[in-house]
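Architecture and fold: a report
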Amino acid sequence: MKQKKRKKKIDSSQLLRFALELLLLGAMCCVCVLVFNMRAVQAARSITTAMSAASTPTPVAETSIIAEETPIPTPEPTPEPTPEPTPEPQPEYFTLSFIGDNTLWATSQFENNPVGLPKTVGDDYAYPYQNTVSYFEDDEYTLANLECSFSDEKLAYDYTIVQFPFLADPAYVNILLEGGVDFVTMANNHSLDFYHTGVEKTQAVLEEAGLPYGYENEGHLVTTKNGLKLGIWTSGNDMLPNKDKAVNGVQQLRAEGADIIICMFHWGQELYYSPNSNQTSLAHACVDAGADIVYGSHPHCLQPIEVYNGKPIFYSMGNWVFGGNTQPSDPDTAIIQVSIKRDLDGSISYEDFSCIPCCVSSNIDGGNAMARFKDGKSVDYNSYANYNTYCPTPYEEGSEGYERAMSKLMGTFEAKSQGADYSDYYASWG
C-alpha cells in the first residue's frame with residue numbers, strides 16, 4: 001500500500017528571513033553598480049584632464065622646461081672701444097701757377113678778320129682758357145703778363161714808334177677772370193702804347209674787375225685764399241729792369257712780412273732761346289736779396305729754367321693767349337706750377353716746380369708744322385697757315401710738341417735760327 005508523501009510545512013519566520021536576505025542581496029548589488037559608475041566617471045575625467053594637459057602645456061611647465069634645458073648665461077661686461085690714434089700733423093702744400101703773355105686783341109690788320117682773335121673769341125670769354133682752366137681754378141694763385149691795353153674808346157698812339165698796338169674791348173678782361181688768373185703784371189713794352197691815358201684806362205678796368213695788378217717798379221703784398229702772403233715786384237717797361245730798385249723792392253717786401261717773394265720782369269730779346277747776361281745778372285741779384293721765384297716775359301718763346309741757390313728762375317714763359325699773330329713762329333708755351341710748403345712750425349718756403357708743356361693753339365698739328373718749317377724742313381704752307389686758335393692746349397706727354405717744349409725749358413734745344421724777323425708781317429701790308 002502506497003504511502004502518500006507528506007508536504008513540508010514552511011514556517012512563516014523562515015519566509016521572512018528569506019525575504020530579508022533577498023532584499024539585502026539586491027541592495028548590495030545596487031551599491032556595487034553605483035560604486036562602479038562613480039569610478040568610471042572619475043577615470044574619464046582623469047583621462048580628459050591628462051589629454052588637455054598634454055596638448056596645451058601650462059606656461060609654468062614650459063618655463064620650467066626651458067630653464068632646465070637652456071640656462072641663461074651671465075652677461076659679460078662690454079669692452080671699452082679702442083680710441084682711434086690722433087693723426088700726426090702734416091705740412092701743407094700750395095700751388096702757384098705761372099703763364100706767359102696774354103695779348104687779348106689783334107693788330108688793326110686782323111681786328112675784323114675772321115682768323116683774328118676778336119672774331120674768333122667773340123663774347124665767349126671762357127673759350128681761350130677752356131683747355132687749361134682746370135690747372136688754375138683750384139690752385140692757390142695764378143700769375144700772368146698782360147700785354148695789351150683796355151679801353152671802350154679809340155686812343156691815340158705814335159705809329160712811328162708803336163709797331164703793334166693792342167687796344168682791347170674792356171669786356172675782354174673777363175677772359176682772365178674766366179681763366180682763373182689772379183694777378184697780372186702791366187710792366188712791359190706795350191703798357192705805354194697809348195700813353196698814360198691807356199695805362200689809366202687799363203688800370204680802371206682791372207680795378208673794376210677786382211683783378212690785382214702791378215705796374216713799373218711796384219711792389220705789392222697780396223694774401224691768398226689760404227693765407228699765404230705773396231710779395232710781388234714788377235718791372236720792365238723798357239725791357240731793362242733796374243737792378244738796384246728790384247733788389248731794394250725785394251728787401252722791402254720781406255720786411256713787410258712777405259712769405260714768398262716773386263719778381264716779374266719783362267726783359268730779354270725776342271725769339272732768342274737763351275737768356276742774356278742782363279737777365280742772369282738781375283735774376284741772381286734778386287735771389288741773393290731774398291727773392292724766391294723769378295718770372296720772365298717778352299722773348300715770345302720759352303727759355304731755360306735755372307735753379308740758382310735753390311730758387312727757380314723762369315727766364316721766359318713765351319706766349320699764352322696771343323692775339324698778336326695768327327701764326328706765331330714759335331708754337332710752344334708752358335704752365336709752370338710751383339709747390340709752396342707751410343711747415344708745422346708755420347714757416348713757408350719754396351719746395352719744387354713742375355712743367356706742363358703746351359701749344360699756344362688747339363690746332364696742335366698746325367703748331368708742329370710751323371715748328372718743322374722754322375727748323376728748316378720742307379713743309380706745305382697751308383699746314384700751318386693761321387694755325388693760331390688763341391686757345392692754349394697741353395701737349396700729350398711724349399709727343400713731338402711735348403718733347404720740343406721740354407727741351408727749351410731744360411736748355412737742350414738747338415735752335416736753327418734766332419731773333420725776330422717781321423719782314424713777312426710788313427710785306428703783308430702790300
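Residues numbered from 1 in each chain as written. Predicted model: local features only at pLDDT ≥ 70, side-chain atom pairs only at ≥ 80, totals over all residues. Heavy atoms only, no water.

1. Overview of the state of the cysteines
Tallied over the entire structure, the rule returns zero disulfides. Looking at the unpaired cysteine 263, the closest cysteine sulfur is the one in cysteine 286, lying at 3.9 Å. Judged by its relative accessible area of 0%, cysteine 286 falls in the buried class. (Disulfide = S-S within 2.5 Å. Buried < 20%, exposed > 50% of the residue type's maximum accessible area, 1.4 Å probe, protein only.)

2. Observations concerning the sheet that holds strand β12 (residues 311-314)
Strand order in this open sheet of six strands is β7-β8-β9-β10-β12-β11, and the pairing throughout is mixed. Two strands lie at the open edges of the sheet, namely β7 (218-223) and β11 (305-308), each paired on one side alone. Within this sheet the neighbouring strands show an average axis-to-axis angle of 20°, counted without direction. As paired elements, strand β10 (residues 293-297) and β12 share two bridges and run parallel to each other. (Pairing = 2+ DSSP bridges. Helix = DSSP H or I, 4+ residues; strand = E, 2+ residues; numbered from the N terminus. Axes fitted to C-alpha atoms, helices over the stretch in contact; angles between N-to-C directions.)

3. Details of unusual backbone geometry
The phi torsion at leucine 271 lies on the positive side, around 60°, for a residue other than glycine. With respect to the helices and strands, the residue leucine 271 is situated in the loop between β9 (260-266) and α8 (277-289). Since its relative accessible area comes to 9%, leucine 271 is described here as buried. At asparagine 386, a residue that is not glycine, the phi angle is positive and equals roughly 50°. Within the element layout of this structure, asparagine 386 appears in the loop between α9 (364-374) and β16 (393-394).

4. Regarding the packing of aromatic side chains
Tallied over the entire structure, the rule returns 14 aromatic pairs. Plain terms: the ring middles of tyrosine 273 and phenylalanine 413 are 5.1 Å apart, the flat faces sit at 50° to each other, and that makes the pair tilted. Taken together, the residues tyrosine 273 in the loop between β9 and α8 and phenylalanine 413 in the loop between α10 (400-410) and α11 (423-427) connect sequence positions 140 residues apart. Aromatic ring contacts, followed pair by pair, group Phe98, Tyr295, Phe314 and Phe353 into a single cluster. Lysine 408 extends its terminal NZ or CZ atom over the ring of phenylalanine 413, reaching a point 4.8 Å from the ring centre. (Phe/Tyr/Trp six-rings, centres within 6.5 Å; stacked < 30°, edge-to-face > 60°. Lys NZ or Arg CZ within 6 Å of the ring centre and 35° of its normal.)

5. Here's the deal with the nonpolar core
One finds Tyr129, Phe150 and Leu206 to be the most contacted residues of the largest nonpolar core, which totals 36 residues. Not counting the four nearest positions on each side in its chain, phenylalanine 150 is found in contact with Leu104, Leu167, Ala168, Asp169, Pro170, Tyr172, Val173, Lys201, Thr202, Val205 and Leu206. (Core = buried A, V, L, I, M, F, W, Y, C linked by side-chain atoms within 4.5 Å. Contact = heavy atoms within 4.5 Å.)

6. Remarks on the environment of tyrosine 272
Along the chain, tyrosine 272 falls in the loop between β9 and α8. Judged by relative accessible area, tyrosine 272 falls into the partly exposed class, the value being 32%. Taking C-alpha positions, tyrosine 272 is 7.8 Å from glutamine 303, a pair spaced 31 residues apart along the chain. Excluding its chain neighbours within four sequence positions, the residues that come into contact with tyrosine 272 are Pro299, Cys301, Gln303, Gln418 and Gly419.

7. Observations concerning a nonpolar patch on the surface
Side chains of Tyr157, Tyr159 and Tyr195 sit close together on the surface and give an oily, nonpolar patch of about 380 Å² of accessible area. Tracing the backbone through its elements, the reader meets tyrosine 195 in helix α6 (residues 195-209). Of the residues examined, tyrosine 195 reaches a relative accessible area of 44% and is grouped as partly exposed. (Patch = residues over 30% accessible without salt bridge, like charges linked within 9 Å, V, L, I, M, F, W, Y side chains within 5 Å. Areas by Shrake-Rupley, 256 points an atom, 1.4 Å probe, with all protein chains shown as cover. Salt bridge = Lys/Arg side-chain N within 4 Å of Asp/Glu carboxyl O.)

8. Notes on the confidence of the model for the protein
Taken as a whole, the protein shows an average pLDDT of 88; of its residues, 81% reach a score of 70 or greater. Between residues 1-10, whose pLDDT stays under 50, and residues either more than four places distant or in other chains, the model counts zero contacts. Scored below 50 in pLDDT, residues 426-430 makes five contacts in the model with residues more than four places away or belonging to other chains. (pLDDT = per-residue confidence, 0-100.)

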